[in-house]
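Analysis of the macromolecular model
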Amino acid sequence: MKRKVMAMLMSAAMVLSLGTVAFAEEETEAAEVTTEAEATDDAATSDLIDATVETKVALITMDQMDVHWVRLEAAAEERVAAYNEAGSNIELTWLAPETKDNAQQIQKIEAAIADGVNYIIIACNDATSCNMALQEALDAGIQIIYVDSPADLEGSATYATDNYQGGVVAGEYMLQVLTDAGITEGTIGIVDAQAGVDSCQNRYDGFASVFEGTDFELGERQYSDGDNSKAQELANTLIANGVVAIYGTNDGATNGAAAAVADAASNGTTVYCVGWDKSDSNIAHVESGELLAFMAQNPNIMGIDAIDAVVRLENGEDLGGEVVDTGVSTVTIDNVADFKD
């Protein structure tokens with residue numbers, strides 16, 4: 001997309017920039033929303049919980065390749081190191097499948113149980129597939145803390161983005177951009193990650209709710225398994241079929257979609273793209289104009305809060321299944337510099 005077009009769109013559409021969301025559940029008290037850059041600074045300077053503990057923790061994410069999980073794990077490791085320097089002895093092991101796979105994630109839970117961990121911090125691929133294995137962990141006296149994506153099974157606490165409302169924010173931003181461009185109908189392509197992933201489902205549902213009653217149609221969800229190259233191929237096909245815009249539901253899907261949009265722009269075809277998750281690639285796509293905005297989560301807050309929860313539980317506190325919204329921000333050309341590491 002040419003920068004002149006980008007500037008025209010952004011001048012009217014920035015009213016949604018730096019949007020933040022809070023959980024819809026009445027019982028949830030939303031955490032203060034910060035940008036990821038601010039959260040990282042806060043993590044480095046915030047006080048540790050006044051407790052010295054000795055425990056063993058497994059962190060099980062959906063995969064190892066998504067930068068979202070890399071950032072979450074790094075923040076958890078940093079928090080553990082801070083506690084250990086203060087006298088604790090927390091052993092943290094990252095047990096993640098190479099790619100998103102329910103069977104492999106179940107195997108990681110079973111491995112954690114066999115290893116005798118006291119806590120499992122987990123981002124579940126979907127709401128039900130791991131329930132039997134997680135129940136086995138609970139029966140063994142292991143406490144469950146959810147990050148990003150919980151299962152249906154109740155855990156001690158959950159630290160996650162309100163993905164549905166984040167999807168609403170993304171949808172409202174996309175609709176405003178299309179309206180400002182004079183586009184009132186057409187098909188919006190969906191490049192998704194993997195079928196059954198609860199967080200992506202909620203992001204889709206929230207996004208789709210914005211377009212109910214409009215003349216826009218959402219195309220069939222295309223599953224990329226979060227792989228950039230596959231997402232780009234899928235987006236290329238969507239563009240060839242005449243979509244007016246593309247929505248990506250995670251980092252890999254968004255990165256691939258934006259790359260396809262850039263290729264289309266070089267051939268004179270304008271397609272608008274909005275997606276999810278902070279990464280160096282998505283930041284670069286925003287800077288060069290093919291990605292209008294992405295929803296930035298705070299995986300570092302998830303990692304920090306989860307480790308703090310371990311310490312609180314070890315200190316005898318009952319968390320009561322607390323659910324905390326770790327926040328989301330809309331990253332555009334206007335504020336993307338604030339999200340660079």
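Being a predicted model, the structure only gives us computed values, none of them experimental. Counting of residues starts from 1 at the beginning of each chain's written sequence and follows it residue by residue. For a predicted model such as this one, the threshold for reporting local features is a pLDDT of at least 70, and the threshold for listing and counting side-chain atom pairs is 80 or more; totals across whole chains, interfaces and linings nevertheless cover every residue. Values reported for side chains reflect all heavy atoms of the structure, with hydrogen atoms and water molecules removed beforehand.

Here we look at the overall build of the protein chain
Spelled out, the test is: Strands here are runs of E lasting at least two residues and helices are runs of H or I lasting at least four, both read from the DSSP assignment and numbered beginning at the N terminus. For each residue, the accessible area found with a 1.4 Å probe, counting protein chains only, is set against the maximum for its type, and the residue is called buried under 20%, exposed over 50%, and partly exposed in between. Here the Shrake-Rupley method, with its probe set to 1.4 Å, supplies the accessible areas, and only the displayed protein chains count as covering residues.
Each helix and strand in the protein chain was counted, giving 11 helices and 12 strands. Counting every position in the protein chain, which comprises 341 residues, the buried fraction comes to 55%. Accessible area of the protein chain: about 13,700 Å², with a carbon and sulfur share of 44%.

Structural notes on helix α5 (residues 131–139)
As a reminder of what qualifies: Note: the arc covers the axis-to-C-beta directions of the helix. By the convention used here, residues are in contact when the closest approach between their heavy atoms is within 4.5 Å.
Residues of α5 that are buried include every one of N131, A133, L134 and A137, and no others. Projected down its long axis, α5 carries its buried residues within an arc of 160°, all on one side. The outward face of α5, more than 90 degrees from its buried face, is lined by the exposed residues M132 and D139. On the buried face of α5, the contacting elements are α4 (102–114), β3 (119–122) and β4 (143–147). Count one or two residues on from α5 and you reach G141, which has phi positive near 90°.

Concerning the pattern of salt bridges
To keep things clear, this is the line we draw: Just to be clear on terms, a salt bridge is a Lys or Arg side-chain nitrogen sitting within 4 Å of an Asp or Glu carboxyl oxygen.
Summed over all chains, the structure comprises nine salt bridges. In this structure, the salt-bridge partner of E317 is R312, at a minimum N-O distance of 2.9 Å. On the basis of relative accessible area, E317 is assigned to the partly exposed category, the value being 37%. Salt bridges sharing common partners tie together R312, E317 and E322.

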